[in-house]
Amino acid sequence: MEDKEKRPIPVMELKGVTKEYCLRDSFFSRGSTCVIAMNNVNLAIQKGEIFGLVGQSGSGKTTTGRLMVKLENPSKGVIKLNGEPLSNIQGKALKSYRSKVQMIFQDPYQSLNPHLSISETILEPLIVNKIGDAHSREQKVINTLDIVGLAPAREYYNRYPHQLSGGQRQRVAIARAIVLDPEFIVADEPTSMLDATIAIQLFKLLKQIRKKYNMAFLFITHNLAAAKYLCDRIAVIHNGVIVETGSTNVVIRYPQHPYTKKLIETHPGFNF
Amino acid sequence: MALLNVENLTVGYKTKTGLLKAVNDISFSIEQGRSLGFVGESGCGKTTIGMTLMGLLPENASILQGDIYFNGSNLAGLNDKQWRDFRGREISMIFQAAMNAMNPVIRVDEQIIEAIETHNPEMSKTDINEKVKTLFNMVDIPKDRLKDYPHQYSGGMKQRAIIAMALACNPRLIIADEPTTALDVIVQDQILKEIKKIQKELNTSVVFISHDIAVVADVCEDICVMYGGQIVEKGKREEVFKCPLHPYTKTLLASYLSLDSDANIKVPEIQKAPDLITFNGKCCFAGSCNCCTAKCKSHSPGWVNMSETHQAFCFEDTLKKDNNGR
Ligand SMILES: Nc1ncnc2c1ncn2[C@@H]1O[C@H](COP(=O)(O)OP(=O)(O)OP(=O)(O)O)[C@@H](O)[C@H]1O
Ligand SMILES: Nc1ncnc2c1ncn2[C@@H]1O[C@H](COP(=O)(O)OP(=O)(O)OP(=O)(O)O)[C@@H](O)[C@H]1O
Ligand SMILES: [Mg+2]
Ligand SMILES: [Mg+2]
């Protein structure tokens, strides 16, 4: 038995988490259909770890991320940040939580506010959290734009989301998430809109950020090659249930669950 | 004669900092029944090409130069009304992030019926209903899901409905802009098969836009690689992906992660995105190219031919240096 005292406290921990969505069939009927998006999920992510969550469309990946950043609450189970359960946090504590845990959303077409310019989008979290003065904030925004490859920053500073390509929007979303130097980031398919050269540079960037700030990530993807490159461990989720967890290399080399095997089989390659 | 022939097309956006040339002097053509793929960096102008071919450029954009011959007639000069008649009938487009573009409060079948009615006012109700059933059958959506609302569909089903809608008027050319990026690999695989099947069965031409080179390699017979608003390499897929010429194509292929890539794969340096406003006609990849010579900074590149079909927009010396260097 491992000594409980010696085990490091995970940054992010899910214990027996279940999330159910119930929809009324229609306005007039009393029946309802429920979808169990997550079923008794247990996960522990350590400081500095990049943890991959892999699964099919509709399997509950985004839901897991949304619960971690507390956009929603679990139907059952506990979520802990640095060992502290966050079921009842409110007000100031919630605000501080929100600055420590960030999410990069799957779809930059929906997640960026169309009325905010690029600079306003990235400034907003700094202003809300009262970080720095006008000058240092602007500098921070420019640096962050640089980091995510939107350079020269001045060319993008005053543009609006509709004036950017799909991939450029996603880079803005990433800039917004890292501008507060959070402890934990949920990255929901952050590179599915980006070409290979930029995707791999971002992976490298995430690795650097992780190393430098000891930041931890939940990396949601269905691209196993990306998971293999980036993640220390992965979990495979299927219909809301985690069916397989382990070190990335082991899971990819010796997949146990049929779904994992199928993912590996259908992975696109250059075979024409 | 080619179905579509684009010659020296340049498209610009007016922005606060100046005129941004998102598509710069590009030429390509596509035969009936063939598939042409565009790959390239995010922001290199792929969607802009699609929007131009559909006559759907936003207000701050305009065609600055060039001709677009479709089936012999030049689209570059059409007015709004002419575009409305033309669009959707001969060319249709599956838009990037189209899944979110379906109207959430209208049933899926009604959205398709509407698309057919707009272009075929003379068609009878029964014929239209028949047509809708055939289309859904073609994309494998069960009949009993026709009356659903879009949110009741999974991502993959929505995307197949969008494909059905794009096929509604038997177009001769379909432009598919990142049709599978939001989908998981298993659903993606189904959709790509669907697109290939339609191309074969209906002899439809396909322009396929994606940043994912493996996806483009799967679907397309001919490839254009773009960088900074220009086509930098074109050829048959075997030529471009097995014997890439242009330094950018090589970088792109080298960055592609496969299940066998090892963790020490060489990552290209963060490239300064090409500045499309101050662009001076020289090679826009020069700043990030590790074979760049003095000539690359002083002269405009030209087409270097490898075969009748395979060409790169570069300098012979640079290509040679690149080959020796690796
Ligand atoms: N607000 C909601 N109301 C009802 N059902 C929902 C809601 N959000 C998610 N679901 C359902 O929960 C399940 C899990 O959805 P989730 O978005 O977590 O999947 P995902 O793994 O992220 O899929 P994708 O790869 O397509 O993004 C799906 O069946 C979905 O339809
Ligand atoms: N409405 C607009 N106003 C100003 N600039 C624009 C506008 N739309 C696009 N651009 C710019 O034009 C360039 C080409 O954009 P486009 O959307 O064609 O790229 P793309 O190749 O489709 O990229 P992605 O793969 O990211 O979708 C980009 O630099 C983009 O910022
Ligand atoms: Mg999701
Ligand atoms: Mg695009």
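Further up the page is the structure itself.
All residue numbers refer to positions counted from 1 along the written sequence of the respective chain. For this description, chains carry letters from A and ligands carry numbers from 1, given in the order in which they are written. Where totals are concerned, whole chains, interfaces and linings use all residues; where local detail is concerned, this predicted model gives features only for residues with pLDDT of at least 70, and gives and counts side-chain atom pairs only at 80 or more. Side-chain measures here rest on the full set of heavy atoms in the structure, leaving out hydrogens and waters.

Draft legend 1. Molecular detail of the overall build of chain B. Helix and strand labels come from DSSP, where a helix needs a run of H or I of at least four residues and a strand needs a run of E of at least two; each type is numbered from the N terminus. Each helix and strand in chain B was counted, giving eleven helices and twelve strands. Atoms considered for the radius of gyration are the C-alpha atoms alone. The globule rule reads 2.2 Å times the number of residues to the power 0.38. Relative to a compact globule of 326 residues, whose C-alpha radius of gyration would be 20 Å, chain B shows 21 Å and is just as compact. Projecting the C-alpha coordinates of chain B onto the three principal axes gives extents of approximately 65 × 50 × 40 Å. Exposure is judged per residue with a 1.4 Å probe applied to protein chains only, and the accessible area is read against the type maximum: over 50% gives exposed, under 20% gives buried, and values in between give partly exposed. Burial statistics for chain B: of 326 residues in total, 55% are counted as buried. The long-range share in chain B, meaning contacts at least 24 apart out of those at least 6 apart in sequence, stands at 66%. Note on areas: Shrake-Rupley, 1.4 Å probe, and residue coverage restricted to the protein chains presented here. As presented, chain B carries roughly 14300 Å² of accessible surface, and 49% of it is formed by carbon and sulfur atoms. We call two residues in contact when some of their heavy atoms are within 4.5 Å.

Draft legend 2. Representation of the overall build of chain A. A tally of helices and strands in chain A yields eleven helices and ten strands. Against the 2.2 N^0.38 benchmark of 19 Å for 272 residues, chain A shows a C-alpha radius of gyration of 19 Å, consistent with a compact globule. Seen through its C-alpha atoms, chain A measures out along the principal axes to roughly 55 × 55 × 50 Å. Sequence-distant contacts in chain A: of pairs separated by 6 or more residues, those separated by 24 or more amount to 68%. As presented, chain A carries roughly 13100 Å² of accessible surface, and 51% of it is formed by carbon and sulfur atoms.

Draft legend 3. Representation of the site of ligand 1 within the structure. Residue and element names in this part refer to chain A. Close to ligand 1 lie Tyr21, Val35, Ala37, Gln56, Ser57, Gly58, Ser59, Gly60, Lys61, Thr62, Thr63 and Gln106. In protein, a polar contact means a hydrogen-donor-capable atom and an acceptor-capable atom, both N or O and within 3.5 Å, with residues adjacent in sequence counting only if both atoms are side-chain atoms; elsewhere, any N or O pair within 3.5 Å suffices. Gly60 is positioned with one of its backbone polar atoms (N or O) 3.0 Å from an oxygen atom of ligand 1. In the complex, the protein chains occlude 66% of the 640 Å² of accessible area that ligand 1 would expose alone. If one sorts the elements of the shell around ligand 1 by residue count, helix H1 (residues 61-68) sits on top with three residues. Classifying every residue of the shell around ligand 1 by side-chain character gives three nonpolar, eight polar and one charged. Distances are taken per atom, and a residue is near a molecule or strand as soon as one of its heavy atoms is within 4 Å of it. Side-chain classes are defined by residue name, with Ala, Val, Leu, Ile, Met, Phe, Trp, Tyr, Cys and Pro counting as nonpolar, Asp, Glu, Lys and Arg as charged, and the others, Gly among them, as polar.

Draft legend 4. Structural detail: the side chain of Ser35 of chain B. All names here are of chain B. Of note, Ser35 is situated in strand S3 (residues 35-40). What makes Ser35 buried here is its relative accessible area of 0%. Dropping the residues within four chain positions of it, Ser35 is found in contact with Ile30, Gln199, Val206, Val219, Cys220, Glu221 and Asp222.

Draft legend 5. Region of interest: the pattern of salt bridges. All names here are of chain B. Any carboxyl oxygen of Asp or Glu that lies within 4 Å of a side-chain nitrogen of Lys or Arg is treated as forming a salt bridge with it. Counting across every chain of the model gives 17 salt bridges over all chains. For Lys197, the salt bridge goes to Glu194, with nearest N and O atoms at 3.4 Å. Of this pair, Lys197 and Glu194 both sit in helix H6 (residues 185-202), three residues apart, which is roughly one turn of the helix. By relative accessible area, which is 33% here, Lys197 ends up partly exposed. In this structure Glu194 comes out as buried when scored by relative accessible area, which is 6%. A salt bridge links Lys196 to Asp218, with the nearest nitrogen and oxygen atoms 2.7 Å apart. With Lys196 in helix H6 and Asp218 in helix H7 (residues 213-219), the pair connects residues that are 22 residues apart, well separated along the chain. On the basis of relative accessibility, which here comes to 24%, the residue Lys196 falls in the partly exposed class.

Draft legend 6. Representation of the site of ligand 2 within the structure. With respect to spatial proximity, 25 residues lie near ligand 2, and among them Gly167 and Gln168 of chain A together with Gly43, Thr47 and Thr48 of chain B are the closest. In this structure, Gly45 of chain B approaches ligand 2 through a main-chain N or O atom, which is 3.0 Å from an oxygen atom. One nitrogen or oxygen atom from the side chain of Thr47 of chain B is found 2.7 Å from an oxygen atom belonging to ligand 2. Computed on the free molecule, ligand 2 has an accessible area of 640 Å², of which 96% lies beneath the protein chains in the complex. Contributing elements (two or more residues each) for the shell around ligand 2: helix H7 (166-178) of chain A together with strand S1 (4-15), strand S2 (18-30) and helix H1 (46-54) of chain B. Here the residues of the shell around ligand 2 sort into seven nonpolar, 14 polar and four charged.

Draft legend 7. Quick look at the side chain of His211 of chain B. As for its placement among the helices and strands, His211 of chain B is situated in the loop between strand S8 (205-209) and H7. Judged by relative accessible area, which is 7%, His211 of chain B ranks as buried. A distance of 3.2 Å separates a polar atom in the side chain of His211 of chain B from a polar atom in the side chain of Glu178 of chain B. The residues touching His211 of chain B, leaving out its near neighbours within four places in the chain, are Thr191, Ser192, Met193, Leu194, Asp195 and Ala196 of chain A together with Gly40, Lys46, Glu178 and Thr181 of chain B.

Draft legend 8. How the structure looks around the interface of chain B and chain A. The partner chain A presents 49 residues to the 48 residues of chain B that form the contact. A quick way to say it: buried area is the sum, across both parts, of accessible area lost when two parts are put together, with a 1.4 Å probe. Across the interface of chain B and chain A, roughly 4100 Å² is buried in total on both sides, 62% from carbon and sulfur atoms. If you look at where chain B meets chain A, you find zero salt bridges. Between the two partners, chain B and chain A, sit five residue pairs in polar contact (both at pLDDT 80 or more). Listing elements by their share of the side of chain B that touches chain A, those giving two or more residues are H6, H7, helix H8 (237-242) and helix H9 (247-254) of chain B. By residue class, the composition of the side of chain B that touches chain A is 22 nonpolar, 15 polar and eleven charged.

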